[in-house]
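# Secondary and tertiary structure notes
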Amino acid sequence: MKDSLCAICGGKVVDRNEMIDRIVDGRLYLFENVSVEVCEQCNETWVPAKEAERMDKAIHGKIEPKKQNQVPVY
């Protein structure tokens, strides 16, 4: 990615791999090593369309999970 500035605060935006969580219809989905763009100043995070589409396919059962974990709920 070329040097970009944050649309929120004007800080420098960098590429990073992060864990992203989504709750859909009361179910928790965790995505490891998602390639995102993050502002170093305000920590605003953008998920590129390619990654968002992959996550959407997984949520709708078109991609099998690599593993499953039990999550305590309080």
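Going by the structure above, here's the rest.
So, here is what we can say about the structure in this document. Predicted, not measured: the structure shown is a model, and the values here were computed from it.

A word on the sheet that holds strand 3 (residues 27–39). Taken in spatial order, the four strands of this open sheet run 1-2-3-4, and their pairing is antiparallel. Either end of the sheet is taken by a strand with one partner, and the two such strands are strand 1 (4–5) and strand 4 (45–46). Here eleven bridges tie strand 2 (residues 12–24) to strand 3, and the two strands are oriented antiparallel to one another. Paired with Ile23 across the bridge in strand 3 is Leu28. Sheet strands in contact with helix 1 (residues 49–59) are strand 2 and strand 3, and its direction is about 175 degrees off that of strand 3.

Attention now moves to unusual backbone geometry. Negative phi is the rule for most residues except glycine; trans is the rule for most peptide bonds. For Asp25, which is not a glycine, the phi torsion comes out positive at approximately 50 degrees. Structurally, Asp25 can be placed in the loop between strand 2 and strand 3. Classification of Asp25 by relative accessible area gives exposed; the value is 77%.

Calculation rules
Residues numbered from 1 in each chain as written. Predicted model: local features only at pLDDT ≥ 70, side-chain atom pairs only at ≥ 80, totals over all residues. Heavy atoms only, no water. Pairing = 2+ DSSP bridges. Helix = DSSP H or I, 4+ residues; strand = E, 2+ residues; numbered from the N terminus. Contact = heavy atoms within 4.5 Å. Axes fitted to C-alpha atoms, helices over the stretch in contact; angles between N-to-C directions. Buried < 20%, exposed > 50% of the residue type's maximum accessible area, 1.4 Å probe, protein only.

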